[in-house]
Amino acid sequence: MLINKLFSRLRTKLFSISGSFYLVLAIIWTVLTIYLSLVSAKRIATMHIWNIAGIDKIAHAVFYLSFSFLWSMTFFKKLNVHLWVLLITIVFGIAIEWAQFQMNMGRAFEILDIIANAIGATIGILIFIWLRPKSAVEN
């Protein structure tokens with residue numbers, strides 16, 4: 001009972017925040033994602049957190065989970081927005097990987113990064129679908 005009550009409060013709070021607020025967060029998150037994805041390999045190496053095996057794939061998943069969730073929350077009143085957000089997020093992730101390859105800054109196009117991005121984006125969409133109250137949708 002307590003967990004259901006807490007979940008209900010969380011859902012109410014999340015969906016009472018305006019789409020404009022989520023838009024600002026989504027834009028900030030997008031800019032941060034672009035910056036961290038396109039910064040040179042030398043700069044990334046100085047951060048030392050990437051020395052743990054597999055941590056970069058987890059980071060990719062978490063960033064794209066947040067990315068898809070924030071953009072879904074921006075447009076949460078629109079029916080089936082989550083399908084568009086998922087598609088755009090996956091295409092965005094592929095474009096970032098391609099840009100890393102094209103920029104020749106020590107970063108590479110990695111299929112495993114794209115897979116991690118897609119998994120994270122999908123989880124973000126599933127969380128959004130799970131949280132979104134049915135009454136929040138406009139046709």
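Keep in mind that this is a model prediction, so the values were computed, not measured.

About the criteria used
- Residues numbered from 1 in each chain as written.
- Predicted model: local features only at pLDDT ≥ 70, side-chain atom pairs only at ≥ 80, totals over all residues.
- Heavy atoms only, no water.
- pLDDT = per-residue confidence, 0-100.
- Helix = DSSP H or I, 4+ residues; strand = E, 2+ residues; numbered from the N terminus.
- Core = buried A, V, L, I, M, F, W, Y, C linked by side-chain atoms within 4.5 Å.
- Buried < 20%, exposed > 50% of the residue type's maximum accessible area, 1.4 Å probe, protein only.
- Contact = heavy atoms within 4.5 Å.
- Polar contact = N/O pair within 3.5 Å; in protein donor to acceptor, adjacent residues only side chain to side chain.
- Salt bridge = Lys/Arg side-chain N within 4 Å of Asp/Glu carboxyl O.
- Expected span 1.5 Å × (residues − 1).
- Patch = residues over 30% accessible without salt bridge, like charges linked within 9 Å, V, L, I, M, F, W, Y side chains within 5 Å.
- Areas by Shrake-Rupley, 256 points an atom, 1.4 Å probe, with all protein chains shown as cover.

Trainee: Would you take a moment to explain the confidence of the model for the protein chain for this structure?
Mentor: When pLDDT drops low, the exact placement of atoms in the prediction is not to be read closely. Of the residues in the protein chain, 86% reach a pLDDT of 70 or more, and the chain-wide mean stands at 86. Helix α3 (residues 41-45) is the least confidently modelled element of the protein chain, averaging 62 in pLDDT, while helix α6 (residues 111-131) averages 95, the highest of any element.

Trainee: Would you mind showing me how to read the nonpolar core here?
Mentor: For soluble globular proteins, the rule of thumb is that nonpolar side chains tend to be buried together. Leu14, Phe15, Met73 and Phe128 are the most contacted members of the largest nonpolar core, which has 20 residues in total. Looking at this core, the elements that each hand over two or more residues are α1 (2-16), α2 (19-38), α4 (55-74), α5 (81-103) and α6. In terms of residues, this core owes the most to one element, α4, which gives 6 residues. With residues near it in sequence (within four places) discarded, Phe128 still touches Phe15, Phe69, Ser72, Met73, Phe76, Val81 and His82.

Trainee: Just checking my understanding: could you explain the side chain of Ser37 for this structure?
Mentor: Among the secondary structure elements, Ser37 is positioned in helix α2. In this structure the side chain of Ser37 is engaged in a polar contact, spanning 2.7 Å, whose partner is the backbone oxygen of Thr33.

Trainee: Mind showing me how you'd approach the pattern of salt bridges here?
Mentor: Where charged atoms from two side chains of opposite charge come close, those side chains can pair. Tallied over the full model, the rule gives 3 salt bridges. The partner of Lys57 in a salt bridge is Glu110, with the nearest N and O atoms 3.0 Å apart. In this pair, Lys57 sits in helix α4 while Glu110 sits in the loop between α5 and α6, placing the two residues 53 residues apart along the sequence. Because the salt bridges share partners, they merge into one network encompassing Asp56, Lys57, Glu110 and Asp113.

Trainee: I would appreciate a short explanation of α6 in the present structure.
Mentor: Helical geometry note: an α-helix holds 3.6 residues per turn, so side chains three or four residues apart project in the same direction. With 21 residues, α6 should cover 30 Å at 1.5 Å per step; its first-to-last C-alpha distance of 30 Å lies within 8% of that length. Residues of α6 that are buried sit in contact with α1, α4 and α5.

Trainee: Which parts of the structure should I look at to understand a nonpolar patch on the surface?
Mentor: Together, Ile94, Trp98, Phe101, Phe109, Ile111, Leu112, Ile115, Ile119 and Ile123 make up an exposed nonpolar region whose accessible area comes to about 880 Å². Among the elements of the structure, α5 and α6 are those that each provide at least two residues to the nonpolar patch. No other element matches the 5 residues that α6 contributes to the nonpolar patch. Counting through the fold element by element, Phe109 comes out in the loop between α5 and α6. What makes Phe109 partly exposed here is its relative accessible area of 35%.

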